Amino acid sequence: MTVKTRFAPSPTGYLHVGGARTALYSWLYAKKNNGKFVLRIEDTDRERSTEESVQAILDGMNWLGLAHDEGPIYQTHRFERYAEIRDQLLTDKKAYRCYCSKERLEELREQQMANKENIGYDGHCRNISEEAQDLSQPHVIRFKNPLDGAVTFVDLIKGEITVNNSELDDLIIARSDGTPTYNFTVVVDDLDMEISHVIRGDDHVNNTPRQINMIEALGSQRPLFAHVPMILGDDGKRLSKRHGAVGVMQYRDDGYLPQALLNYLVRLGWSHGDQELFSREEMIELFDLKDVNRAPSAFNTDKLNWLNQQYMKSLPASEVAKHLQWHLDEQGVDTSDGVSVELLIPEMAERVKTLKELASAIRYFYQDYQEFDTKAAKKHLRPVARQPLELAKDKLSTEENWTAETLHGLVSSTAEELELGMGKVGMPLRVAITGAGMSPDLGVTLEWIGKDAVLRRIDKALTFIAEREANI
């Protein structure tokens, strides 16, 4: 069998993480089996579908690196094909015109609810003769679902599922305005595109028996189905907007690497032993639908943060820098005149969890800080720090060999000359030049910030101390 999978989102909002995980599983399965991955945009809901949402889906897929082999294919471009298959079903007496009014359908629903019966169409128009029909009157087209028997299929994740046909009604395949409905277009598309494996969220399980009946009515072979359990929020409830960032591009905006999010999503319901970190190549090699959990998985932001930090530390600095640049631009940090960002990443990644935090953390290498960290300044920029800072400034101002090793030696000689511990000189100096109490090795930090900025910032710290002394 030639493997062909598809991801078929509706463009009625952003690409959420549940959809992204489904796309990833479909993409991985196709790649693992040397197959093809199709991107299909199910945009027949004209009232809710928007160009902005289409673009959000394309942006999300592109950012995650889930390239499609075919597509994007838009359902609104295929209306003629749907009409052709609709008419074929009518001709073959496998679909019929329904003239029931909204009022009748609502009354039927109320009766079924009152009698605690299954909610669904009762087949009122199923056997109306052609002579008795008036095509000028408003009507929909319904599929003739089998009345007897059952639909059984083996879900590649959930196992065997059986649904009696008596539980299924005759669903609408074309609305009164002629537009096709979801369950119908999905069947036509999957058959035409020769989809071998339908991998989708388990909210579609109830649609599958209906779609199988339509596939068989068309005399076609059904694809294999795999329904992925839902994702729950940190609180155990179904993931939704109230849980914060659930749109893929929001994770980019919040500072996550696409590699980290992909790694997190693949593990959100699938595992390979105790392994936590997976390269893209390992995901393709190891992924198997039989290893996907049947139970829902809970989203854990702390775990995602941990993964993101691991990737910031382990990926080539050039790759991290490519994604970091977006955040630097957003925060207005110009790195064109200063130390290479790629040098900073290995030194700083251990101290932050996101690219957004990293961009903020390295700002002082390129821009003077606006104010001191209150806690760090209170602890280290006290009157007792004035003399060490003044002597350090004198030594630094005359130093021509501005390298980390030399600068570290100057700080050490300052401490020795004043008979102070290294921390009594190093910490006030670190706060003076960075505005806070954390930085890489002090010699390295001095070298990368540059001589002019270092001297200017020490003066700022001395002014701060003087003002503090005056207020004591």
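Refer to the structure above for everything that follows.
Values in this document were obtained by computation on a predicted structure and should not be read as measured data.

A.B. asks: Just to check I follow, could you spell out the packing of aromatic side chains for this structure?
C.D. replies: The geometry of an aromatic ring pair is captured by two quantities: the separation of the ring centres and the angle between the planes. Under the definition given, this model contains 12 aromatic pairs. Joined through ring pairs, the aromatic side chains of Tyr25, Trp270, Phe278 and Phe287 make up one cluster. Directly above the ring of Tyr121 sits Arg142, whose terminal nitrogen or CZ lies 3.7 Å from the centroid. Stacked on the ring of Phe372, the Lys or Arg Lys460 has its end atom at 6.0 Å from the ring centre.

A.B. asks: Honestly, the packing of helix H17 (residues 422-434) against helix H19 (residues 451-471) in this entry has me stumped. Any pointers?
C.D. replies: The geometry of a pair of packed helices is captured by two quantities: the angle between their axes and the separation between those axes. For the pair H17 and H19, the least separation of the axes is 8 Å and the interaxial angle reads 105°. With respect to H19, the axis of H17 lies roughly perpendicular. Two secondary-structure elements touch here, H17 through Leu429, Ala432 and Ile433 and H19 through Val454, Arg457, Ile458 and Ala461. Partitioning the contact of H17 with H19 into residue classes produces 6 nonpolar, no polar and 1 charged.

A.B. asks: Would you mind going over the pairing of strand E3 (residues 70-74) with me for this structure?
C.D. replies: Side-chain positions along a regular strand alternate between the two faces of the sheet. As paired strands, strand E2 (residues 36-41) and E3 are joined by 3 bridges and run parallel to one another. Counterpart to Arg40 in the pairing with E3 is Ile73. Between the parallel elements E2 and E3, the chain passes through helix H2 (residues 51-64) in a crossover that is right-handed.

A.B. asks: Help me understand the side chain of Asp155, please; the structure alone is not making it clear to me.
C.D. replies: Tracing the sequence through the fold places Asp155 in strand E6 (residues 150-155). Lys158 is the oppositely charged side chain nearest to the buried, salt-bridge-free Asp155, at an N-O distance of 6.4 Å. There is a polar contact of 2.8 Å between the side chain of Asp155 and the backbone nitrogen of Ile157. Side chain to side chain, Asp155 and His227 meet in a polar contact 2.5 Å long. Apart from the residues lying within four places of it in its own chain, the contact partners of Asp155 are Glu160, Ile161, Phe225, Ala226 and His227.

A.B. asks: Sorry if this is basic, but what is going on with the sheet that holds strand E8 (residues 172-174) here?
C.D. replies: Hydrogen bonds between backbone groups are what pair the strands of a sheet, and the pairing can be parallel or antiparallel. The strand order E4-E5-E8 describes an open sheet built from 3 strands, whose pairing is antiparallel. Each edge of the open sheet carries a strand with a single partner, namely strand E4 (95-98) and E8. The sheet shows a mean angle of 45° between the axes of neighbouring strands, taken without regard to direction. As paired elements, E4 and strand E5 (residues 140-143) share 4 bridges and run antiparallel to each other. Its bridge partner being in E5, Cys98 is matched across the sheet by Val140.

A.B. asks: When you look at the nonpolar core in this model, what are you seeing that I'm missing?
C.D. replies: As a rule of thumb, nonpolar side chains are buried together in soluble globular proteins. Membership of the largest hydrophobic core comes to 103 residues, with the highest contact counts inside it found for Phe287, Leu324, Leu358, Ile362, Phe365 and Leu389. In terms of residue count, helix H1 (residues 17-32) provides more of this core than any other element does, 9 residues in total. Ignoring any residue separated from it by four or fewer positions in sequence, one finds Leu389 in contact with Leu381, Pro428, Leu429, Ala432, Ile458, Ala461, Leu462 and Ile465. Within the second largest apolar cluster, 17 residues are counted, among which are Ile85, Phe143, Phe184 and Val188.

A.B. asks: Can you help me understand the environment of Ile173 in this one?
C.D. replies: Relative to the assigned elements, Ile173 resides in strand E8. With a relative accessible area of 0%, Ile173 lands in the buried category. Separated by 10 residues in sequence, Ile173 and Asn183 have C-alpha atoms that sit 7.1 Å apart. For Ile173, the contacting residues outside a window of four places in its chain are Arg86, Leu89, Ala95, Ile141, Arg142, Phe143, Thr179, Pro180, Thr181, Phe184 and Met214.

Parameters and conventions
- Residues numbered from 1 in each chain as written.
- Predicted model: local features only at pLDDT ≥ 70, side-chain atom pairs only at ≥ 80, totals over all residues.
- Heavy atoms only, no water.
- Phe/Tyr/Trp six-rings, centres within 6.5 Å; stacked < 30°, edge-to-face > 60°.
- Lys NZ or Arg CZ within 6 Å of the ring centre and 35° of its normal.
- Axes fitted to C-alpha atoms, helices over the stretch in contact; angles between N-to-C directions.
- Helix = DSSP H or I, 4+ residues; strand = E, 2+ residues; numbered from the N terminus.
- Parallel < 35°, antiparallel > 145°, perpendicular 65-115°, else oblique.
- Contact = heavy atoms within 4.5 Å.
- Nonpolar A, V, L, I, M, F, W, Y, C, P; charged D, E, K, R; others polar.
- Pairing = 2+ DSSP bridges.
- Right-handed = clockwise from strand over helix to strand, strands pointing away.
- Buried < 20%, exposed > 50% of the residue type's maximum accessible area, 1.4 Å probe, protein only.
- Lys, Arg positive; Asp, Glu negative; His and termini not counted.
- Salt bridge = Lys/Arg side-chain N within 4 Å of Asp/Glu carboxyl O.
- Polar contact = N/O pair within 3.5 Å; in protein donor to acceptor, adjacent residues only side chain to side chain.
- Core = buried A, V, L, I, M, F, W, Y, C linked by side-chain atoms within 4.5 Å.

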